[in-house]
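# Breakdown of the fold
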Amino acid sequence: MEKKKVNLGLVPKLLLAIVLGIIVGQLSFIPTVLLRIPVTFSNLFSSLLSFIIPLMIIGFIVKGISDLTEGAGKLLGVATIISYASTIVGGLVAYFVASTVFPLFITSQINTNVQETTTELTTLFEIPLEPMLDVTAAIAFSFIMGMSISWLRAKHKSNTLYNVFNEFNLIIIKVLNTAIIPLLPFFIFGNFVSLSYTGQVFDILSVFWRVFLIVIVLHLTLIVLWFTFAGIYRKKNPIHLIKNQIPGYFTAIGTQSSAATIPINIECAQKNGVSRKIREFMIPLCATIHLLGSMVTIISCVYAVLYLYDMPINFGMMASFIGTLGIAMVAAPGAPGGAIMSALPFLTIVGIDPTGTLGNLLITLYLTQDSFGTAANVSCDNAITLVVEKIYFKYIAKEEPTELTGPVPEITVE
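All residue numbers here refer to positions counted from 1 along the written sequence of the relevant chain. Selection of residues for local features in this predicted model requires a pLDDT of at least 70, selection of side-chain atom pairs for listing and counting requires 80 or more, and totals for whole chains, interfaces and linings are taken over all residues. Neither water nor hydrogens contribute to the side-chain values; these are computed over all heavy atoms in the structure.

We now examine the overall build of the protein chain. Looking only at helices and strands, the protein chain features 15 helices and 0 strands. Each residue is assigned to one of three classes by its accessible area relative to the maximum for its type, calculated with a 1.4 Å probe on protein chains only: buried under 20%, partly exposed between the two thresholds, exposed over 50%. Expressed as a percentage of its 414 residues, the buried residues of the protein chain come to 51%. Of the accessible surface of the protein chain, which amounts to about 18800 Å², a share of 66% is contributed by carbon and sulfur atoms. Each helix is a run of DSSP H or I of at least 4 residues and each strand a run of E of at least 2, with the numbering of both proceeding from the N terminus. Note on areas: Shrake-Rupley with a 1.4 Å probe; residue coverage comes only from the protein chains shown.

Here's what the structure looks like:
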């Protein structure tokens, strides 16, 4: 009888890497030179990530902008505006909650402990790997090319450049899925060996388990508020709508992927009485452009890291970061870790080096709870779909939906 291969999910691997890193970093009998090996790997991985980040920007943003001009015109515009507004509001809510609550348990003593560490592990060697473009150049190039390709497709029916960048997008996703994401546990292991060795890890963990509890409560609160608003606007029972969303919520927790949850989320929309035309357009679209839960998590973690390390924080800086991040995450891949990977280049807005220690820490912290952010994303997608459907048929198409409950098509997500 053939034995089934046990395949741990990403989150268990990350948690295992954190635990092992903490334990190994505390073992005094292990020679320092051996502890420097995983730290060296993390440093090399960070250099690779720094090299890939500008390419990710080009691969995702050019494709994302080009796609957003395709198809349903006014419907697309309404969906995009509402999704962006929802994501921005989520970020602002997270900021105000963090600025009010986090100082209550992130004390000055913790700040002092983190910054007074004098011992650290150095790398055995380094390989200089400079990015082909800096982040600013990559962003400027991406927006110029994205808008230009949109114009070419709309006015001249030309898809030549679109096909080139579409394939480049697929290459970047392949690199993430086969190299970056699988190596993250080893990268995180090295980071936590270093943090444990220096003694910082215990101060950090004492803060972030409380941060995560607050983040999850925020997620659930925003889901309830979105469905309450949608229910009132559509004259439907919000409790019934939330009950219909439960399968989509737990599927997202299990898969950590908005894309992989699309088939189940379309079924949830069908149960809510959304017409086939709208649900088959809105659910895949929102899986890409609406990241309310991810925004809440990223802003909360960024604020906590800035406060923990006694770095400057002000509303203007965070508002700029939230506004930029809302646009950048439109192009985030609907795969595990997609949102934080898209956010990395823009951490410089708040003074964090995306390839430095704090950038690495944010990747680790975000990925350990990515499931809940994804679940909040896809749940609120269905609330938005309910709102957009009424707007479309009342103000744009000015007709009644002719079909509400047709069969759900089979969708294959690789």
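Attention now goes to the UniProt feature "transmembrane region" (unreviewed entry) in the protein chain. Listed under "transmembrane region" (unreviewed entry) in the UniProt record, and renumbered for this structure, are residues 14-35, 41-63, 75-98, 135-154, 175-195, 207-233, 281-309 and 315-335. Each end of residues 14-35 is marked by a C-alpha atom, and these two atoms are 19 Å apart; helix forms 77% of the span and strand 0%. UniProt positions are given in the numbering used here, feature names are shortened, and annotations may be inferred rather than shown by experiment.

At a minimum axis distance of 10 Å, the contact between helix α6 (residues 160-198) and helix α14 (residues 357-367) shows a crossing angle of 120 degrees. In the packing of α6 onto α14, the handedness of the crossing is left-handed. Two secondary-structure elements touch here, α6 through Leu 184, Phe 187, Ile 188, Asn 191, Phe 192 and Leu 195 and α14 through Asn 360, Leu 361, Ile 363, Thr 364 and Leu 367. Amino acids are sorted into nonpolar (Ala, Val, Leu, Ile, Met, Phe, Trp, Tyr, Cys and Pro), charged (Asp, Glu, Lys and Arg) and polar (every other residue, Gly among them). Of the residues assigned to the contact of α6 with α14, the class counts are 8 nonpolar, 3 polar and no charged. Axis definition: a line fit to C-alpha positions, over the contact stretch in the case of helices; interaxial angles, taken between N-to-C directions, run 0 to 180 degrees. Here a crossing is taken to be left-handed if its near helix is turned anticlockwise relative to the far helix by less than a right angle, and right-handed if that turn runs clockwise. When checking whether two residues touch, look at their non-hydrogen atoms; a contact exists if any pair is within 4.5 Å.

It is the contact of helix α10 (residues 276-289) with helix α15 (residues 370-396), at a shortest axis distance of 10 Å, that shows an interaxial angle of 135 degrees. Considered as vectors, α10 and α15 are oriented oblique to each other. The two elements α10 and α15 meet at a crossing, and its hand is right-handed. Contacts between α10 and α15 involve Lys 277, Ile 278, Arg 279, Met 282, Ile 283, Cys 286 and Ala 287 on the former and, on the latter, Asp 381, Asn 382, Ile 384, Thr 385, Val 388, Glu 389, Tyr 392 and Phe 393. Working definition: roughly parallel below 35 degrees, roughly antiparallel above 145 degrees, roughly perpendicular at 65 to 115 degrees, and oblique for all remaining angles.

To continue, consider the layout of surface pockets. Empty space among the atoms becomes apparent when a probe as large as a water molecule is rolled across them. A volume near 670 Å³ is recorded for the second largest pocket. Whether a set of points on the 1 Å grid over the protein atoms alone is a cavity depends on a 1.4 Å probe fitting there but being unable to get out, while an open set qualifies as a pocket with protein on both sides within 12 Å along at least five of seven lines; lining residues are those with an atom within 4 Å of a point. Forming the walls of the second largest pocket are 31 residues, and the residues nearest its centre are Val 39, Asn 43, Ser 194, Thr 357 and Asn 360. Contributing elements (two or more residues each) for the lining of the second largest pocket: α2 (32-67), α6 and α14. No other element matches α2, which puts 6 residues into the lining of the second largest pocket. Grouping the constituent residues of the lining of the second largest pocket by class yields 9 nonpolar, 19 polar and 3 charged. Grid points are joined across faces, edges and corners, and a volume is the space filled by probe spheres set on the points.

Attention now goes to the packing of aromatic side chains. The description of an aromatic ring pair rests on the distance of the ring centres and on the angle between the ring planes. By convention, a stacked pair of Phe, Tyr or Trp rings (six-membered ring in the case of Trp) has centres within 6.5 Å and planes under 30 degrees apart, an edge-to-face pair has planes over 60 apart, and any other such pair is tilted. The tally for this structure, following the rule as stated, stands at 16 aromatic pairs. In textbook terms, an aromatic cluster arises when at least three aromatic residues are bridged by ring pairs, as seen for Tyr 95, Phe 96, Phe 102, Phe 105, Tyr 303, Tyr 307 and Phe 315. Here the guanidinium or amino end of Arg 153 rests over the ring plane of Tyr 162, the centre of that ring lying 3.7 Å away. Only when the NZ atom of a Lys or the CZ atom of an Arg is both within 6 Å of the ring centre and within 35 degrees of the ring normal do we say a charge sits over the ring. A cation over an aromatic ring shows up here: Lys 390 above the ring of Tyr 233, its NZ or CZ 4.5 Å from the ring centre.

Salt bridge, as applied in this entry: a Lys or Arg side-chain nitrogen positioned within 4 Å of an Asp or Glu carboxyl oxygen. Scanning the model with the defined rule gives 1 salt bridge in all. The salt bridge partner of Arg 234 is Glu 389, with a shortest N-O separation of 2.8 Å. Here Arg 234, found in helix α7 (residues 200-234), pairs with Glu 389, found in helix α15; they are 155 residues apart in sequence, far enough to count as distant.

Take the buried residues of types Ala, Val, Leu, Ile, Met, Phe, Trp, Tyr and Cys, join any two whose side-chain atoms come within 4.5 Å, and each joined set is a nonpolar core. Counting 117 residues, the largest nonpolar core has Ile 298 and Val 302 as the members making the most contacts within it. Not counting chain neighbours up to four residues away, the residues in contact with Ile 298 comprise Phe 321, Leu 325, Met 329, Ala 339, Ile 340, Ala 343 and Tyr 366.

Another aspect to go through is a nonpolar patch on the surface. Exposure above 30% relative accessible area and no salt bridge define the residues that can form patches, which grow by joining like charges within 9 Å and nonpolar side chains of Val, Leu, Ile, Met, Phe, Trp and Tyr within 5 Å. Side chains of Val 33, Leu 34, Ile 37, Leu 124, Phe 125 and Ile 127 sit close together on the surface and give an oily, nonpolar patch of about 540 Å² of accessible area. Position of Ile 37 relative to the elements: it lies in helix α2.

Here the focus is α6. Helix span is expected to be 1.5 Å times the residue number reduced by one. Relative to the 57 Å expected for 39 residues at 1.5 Å per residue, α6 spans 53 Å between its end C-alpha atoms, a close match to the ideal helical length. Looking at the residues trailing α6, positive phi occurs at Gly 199, about 90 degrees.

Overall, the predicted model of the protein chain reaches an average pLDDT of 80, with 84% of residues at or above 70. When pLDDT is averaged over each helix and strand of the protein chain, the minimum, 52, is found for helix α4 (residues 108-115) and the maximum, 91, for helix α11 (residues 292-308). The pLDDT value expresses, per residue, how confident the predictor is, ranging between 0 and 100. Every residue in residues 404-414 scores below 50 in pLDDT, and together they form 22 contacts with partners more than four places removed in sequence or on other chains.

Glancing now at the environment of Phe 227. Relative to the helices and strands, Phe 227 resides in helix α7. Here the alpha-carbon distance between Phe 227 and Asn 382, two residues 155 residues apart in the chain, equals 8.4 Å. Look past the residues within four positions of Phe 227 in its chain and what remains in contact with it is Pro 238, Leu 241, Ile 242, Gln 245, Ser 379, Asn 382, Ala 383 and Leu 386.

As a further point, take unusual backbone geometry. The backbone of Lys 157 sits at a positive phi, close to 55 degrees, despite the residue not being glycine. Note on placement: Lys 157 falls in the loop between α5 (135-156) and α6. Positioned with a positive phi, Lys 235 is a non-glycine residue whose angle comes to about 55 degrees. Residue position: Lys 235 is located in the loop between α7 and α8 (238-255).

The next thing to look at is helix α9 (residues 262-271). Within α9, 7 of the 10 residues are buried, which leaves it mostly tucked inside the rest of the structure. Once α9 ends, the next one or two residues include Gly 273, with phi positive near 85 degrees.

This paragraph deals with the side chain of Asn 272. Positionally, Asn 272 belongs in the loop between α9 and α10. Assessed through its relative accessible area of 3%, Asn 272 is described here as buried. For the purposes of these results, a polar contact is taken to be a pair of N or O atoms within 3.5 Å, where, inside protein, one atom must be able to donate a hydrogen and its partner to accept one; residues adjacent in sequence count only when each atom of the pair is a side-chain atom. Within the local environment of Asn 272, its side chain forms a polar contact with the side chain of Asn 244, the two groups lying 2.8 Å apart. Ignoring sequence-local partners within four residues, the contact set of Asn 272 consists of Lys 236, Leu 241, Asn 244, Asn 382 and Leu 386.

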